[in-house]
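# Observations on the three-dimensional arrangement
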Amino acid sequence: MRRIRELWLYREIILNLVRKELKVKYTASVLGAVWSLLNPVVFLAVFTFVAKVLTAPIEVYPVFLLAGLLGWNLFSVSLTAGSQSVLGNANIVKKVYFPREILPLATVGVALVDFFLQSVVFLAVIVVSGYLFVAEVVWLYPLAFVALLILSVAVTLWVSAVNVRYRDLQHLVALGLLVWFWMTPIVYAGGQVEQRLRDLTVAGVSLWHVYLLNPLVWVVFGFQKALYHSSDAQQVLPSFSAGELALALGVVIVAGVVLILLTWRVFFTMSGDFAEEL
Amino acid sequence: MSATQGPAIEVVDVSKRFRLYREKPTSLKQRLLSGRTRSDDLWALREVSFDVPSGESLALIGHNGSGKSTLLKVIAGILRPSGGLVRQRGRIAALLELGAGFHHDLTGKENVYLNASFLGLSRRDTDRVYDDIVRFAELEDFMDMAVKFYSSGMLVRLGFSVAVHVDPEILLIDEVLAVGDEAFQARCLDRVRTFQKEGRTIVLVTHALDQVRQLCDRAVMLDHGVVHAIGDPDDVVRAMRLTILAHDLEFAHEEGSKEVEILGGVLLRDDTPLDGPLHPGEILTLQVDLKANEPVEDPIVSFALHDAANNFVFGGDTVGAGVALGRVDGKRRLRFDLGPVPFTGGKYWVTIGVHARDNQRVYHLQDQRYSFEVQREEGRRDQMYMGVDVEVEEL
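Below or above, wherever it landed, is the structure these notes cover. The shown structure was predicted, so the numbers you read here are calculated from the model rather than taken from an experiment.

### Re the overall build of chain A
Of the regular secondary structure elements, chain A holds 15 helices and two strands. When burial is assessed residue by residue, chain A has 53% of its 278 residues classed as buried. Nonlocal contacts in chain A, meaning residues at least 24 apart in sequence, comprise 82% of its contacts between residues at least 6 apart.

### Digging into unusual backbone geometry
Residues and elements named next belong to chain B. Backbone geometry at Glu 47 places phi at a positive 45°, although glycine is not the residue there. Its place among the elements puts Glu 47 in strand β2 (residues 39–53). Judged by relative accessible area, which is 60%, Glu 47 ranks as exposed. In this model, Asp 270 sits at a positive phi of 55°, which is unusual for a non-glycine residue.

### Observations regarding the packing of helix α4 (residues 61–88) of chain A against helix α6 (residues 102–128) of chain A
Residues and elements named next belong to chain A. One way to put it is that α4 packs onto α6 with a least axis distance of 8 Å and a crossing angle of 160°. With respect to each other, α4 and α6 are oriented roughly antiparallel. Between α4 and α6 lies a crossing whose hand is right-handed. Contact with α4, carried on its side by Val 63, Leu 66, Leu 70, Gly 71, Asn 73, Leu 74, Val 77, Ser 78, Ala 81, Gly 82, Ser 85 and Val 86, involves Leu 103, Pro 104, Thr 107, Val 108, Ala 111, Leu 112, Phe 115, Gln 118, Ser 119, Phe 122 and Ile 126 of α6 and no other residues of that element. Of the residues belonging to the contact of α4 with α6, the class tally is 15 nonpolar, eight polar and no charged.

### A closer look at the nonpolar core
Ranked by internal contacts, the top residues of the largest apolar core, which has 151 residues, are Phe 75, Phe 98, Trp 218, Val 219 and Tyr 228 of chain A together with Leu 158 of chain B. Grouped together as the second largest cluster of nonpolar side chains are 30 residues, Val 14, Val 52, Ile 78 and Leu 96 of chain B included.

### Digging into the pattern of salt bridges
Residue and element names in this part refer to chain B. For the structure shown, the criterion picks out 18 salt bridges over all chains. In this structure, the salt-bridge partner of Arg 128 is Asp 125, at a minimum N-O distance of 3.5 Å. Note that Arg 128 and Asp 125 are positioned in helix α4 (residues 123–137) at a spacing of three residues, about one turn of the helix. Using a relative accessible area of 24% as the deciding quantity, one classes Asp 125 as partly exposed.

### Some points on α4 of chain B
Residues three or four positions apart in an α-helix share a direction because the helix packs 3.6 residues into each turn. Residue and element names in this part refer to chain B. Over its 15 residues, α4 runs 19 Å from end to end, which matches the ideal 21 Å to within 8%, given 1.5 Å per residue. At Val 129, α4 is bent by approximately 50°, the largest bend along its length. Within α4, the full set of buried residues consists of Thr 126, Val 129, Tyr 130, Ile 133, Val 134, Phe 136 and Ala 137. Those residues of α4 hidden inside the fold are in contact with α3 (108–118), α5 (152–165) and α6 (182–197). Just downstream of α4 lies Glu 138, where phi reads positive at about 55°.

### Brief notes about the environment of Met 154 of chain B
Residues and elements named next belong to chain B. Here Met 154 is to be found in helix α5. Once the C-alpha coordinates of Met 154 and Glu 138 are considered, the two residues, 16 residues apart in sequence, prove to be 8.6 Å apart. Not counting residues up to four positions away in its chain, the partners in contact with Met 154 are Leu 139 and Phe 142.

Rules used in this analysis
- Residues numbered from 1 in each chain as written.
- Chains lettered and ligands numbered in written order.
- Predicted model: local features only at pLDDT ≥ 70, side-chain atom pairs only at ≥ 80, totals over all residues.
- Heavy atoms only, no water.
- Helix = DSSP H or I, 4+ residues; strand = E, 2+ residues; numbered from the N terminus.
- Buried < 20%, exposed > 50% of the residue type's maximum accessible area, 1.4 Å probe, protein only.
- Contact = heavy atoms within 4.5 Å.
- Axes fitted to C-alpha atoms, helices over the stretch in contact; angles between N-to-C directions.
- Parallel < 35°, antiparallel > 145°, perpendicular 65-115°, else oblique.
- Left-handed = near helix turned anticlockwise from the far one by under 90°.
- Nonpolar A, V, L, I, M, F, W, Y, C, P; charged D, E, K, R; others polar.
- Core = buried A, V, L, I, M, F, W, Y, C linked by side-chain atoms within 4.5 Å.
- Salt bridge = Lys/Arg side-chain N within 4 Å of Asp/Glu carboxyl O.
- Expected span 1.5 Å × (residues − 1).
- Bend = angle between axes of the 7 residues up to and from the residue.

Structure below.
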C-alpha cells in the first residue's frame, strides 16, 4: 500500500517518461505516429494472404484479426520494451532516487498510447466501412482490456527486473513471445481450435483445456466476442457464451492482480541492487 | 524546518555489501555455470551511524574507496542498505551528477520538466520556477534547442539550476561543485550558502578539504567503510591529513608548513640514481635531501611505498630506525637503506614526509612524488623475493 502511495506521488514521472518516449520515437521520423498504424496494416495484409492460402476463410477477416492483434501488440510491445526499461535508463537509475517501478510502467504506458491510437483509427475505419458492432456484447471489450492491462503490467514488471541481472532474458522474451503469439488464437479461429483439440487427449487431459490455460486466450476471446459477429461467428469463435467469457476474464483479472503483487515484490527486492548491477 | 523536528537524516547501523563477481557474469548461462560461489563480498559500509540535525551542513570525506559516495547514495535511496536503515525527513534532491537523465533528443525545456519530475517536482511547481531555472542557467535563447547541441558547460549549468530550484529540504551533493567555469562555481557556492541560511540540510561529499572548513558545520571521515572520525571540521580534516602519509593518490601534491623543506629524493642502486627497472633482490636506497629554513628540534623523516592499486605496502621513519636527527639547521642528507627489494614486479610510488616529533605538525610532505619499477622475471610467479644462499658440506 505504501508503495502505491509513493508511486502516486511520483506519477508525474510516468507521464513525462511516456511523453518523452513518444516524442523520441516519433521525432526525426518522417511518418511519425503513422508508424504506429503501419504495423497492424502490414500484419493485416500478410495474414489476410496467409489465411486465404492456408485455412478456411473467415468472413470479415480484418475485424477478426484486429480484434485480437491490437491487444496482443499492447502485450508484446510492453514486454519487449519493458525488458529494456531499467537497462536503458541506467544513467538515471544510478543517479536519482525514484520508485523504479516507474520505468516498466512507463513502457506499458507507451504501449497503451499506441494501443488507443490504433484502436480508435481502426475501429473508426471498420465502422465507417459499414460493419456495425452489437451493443449486447461490446461490454466484454473493456473487461478484456482490463485483464490484458493487468497481465501486461505483471509480466513486464518481472521481465524488466530480472533482465538487469540476467541480460539474456531479452532473447528469451523474443522467443517466448513468438511461441505465445501462435499459441493464442489471433490469426486463426479459436472455434476451429476447439473443434480439433476437444477430443484429443494426452494422459487423460484434453488438449483444448491445456490450450485454455493461456490467459491471453481468454483476453483475445473476449475482444473477438465483443467485436466479431459476422454470420460465421458460430464457427470462428469458440462456443463460450458472453457470460462464461466474462466469468473467465474475471478469474484472469483476479489471478493477474495476485501475479502483480508477486512480481512487484520480486521487482522491489531486486531494485535495491539496480544501481550497482547496471 | 525548526530544530524541534529532530534530525533531518538518521543513519542507523548502515552496512552495504557489494558482490564482486570475478568475471561479472551477467548472462544466465554464465551464472548457471559459475554458481554463486565465485563472488567475493566487499563491505563498502559497515555499521555506520550518525544523525544530521535539521539545518546542518555535513561533509563526508575519506579516501577513494572509503565508502563516502556509497553512503551518499544510500542516504539518497539510490542504493538500498544491506543492513540498518536510513530515515530522512523532507524532500531530498541529490546532485550526484549534474544533468543525469537529460535526454539528448529533447529540448532544453522538455528536459527541465523531465529532470524536475525525477527530483520530485510536479508540473505545476515546475511551471512556477521555470523562468528562474532558465535565468540562473543563463540559457534563455537555447531552451527550444535539443540538448544534444548544448556544450558540456551548458548542460552542467542547466543541471545545477534545475537541482537547486526544486526546493529540497535536504540537498545531497557529490563533488559537483568542482565543475563549470570559475564564475559559475562561485554562483553555485553562493547558492549553497543561501540554502544554509534558509536552514536547509546539506550533506556534501568532497575532496576539497578547504571547502569542508568553509562550508560545513560538521564532518565525517570514512575509512574502509567505517566512521573514522566525526565532529568539528577542523579536527576531522586533521585526522584526514594525518593518515595521508599512508594513503591516496587524490592528494598527490605537496603540503606542509616548510620549516623544514624536502629538497629532493633520489632512488639509488649501487650509489647511482635508478636509470631503469630494478630486479628483485637488488639493493635499493632512498636518499633524501633536507633544508631547514629555521632551526627545528628533532624532526622525523618518514617514507611510504604504495603499489599501483594505491595499496600501502611499506613505510618507515627515522624513529623506527632508531635515529634521532637532533637539532636541524642548514642542509642534511639522509639515506634509507632499504635492502634487497622483495617485490617481484610492478610499479611503486614513494611518499616522503618530514614532521614534528609529536606528529601534530607536517613540515613538508611530497605525496607519491617518486616512483620506481621492479621487473618481473620471465616465467616466474613468485609473490615475493627472498635471498637464497646454498651451502653444501660433506657428511
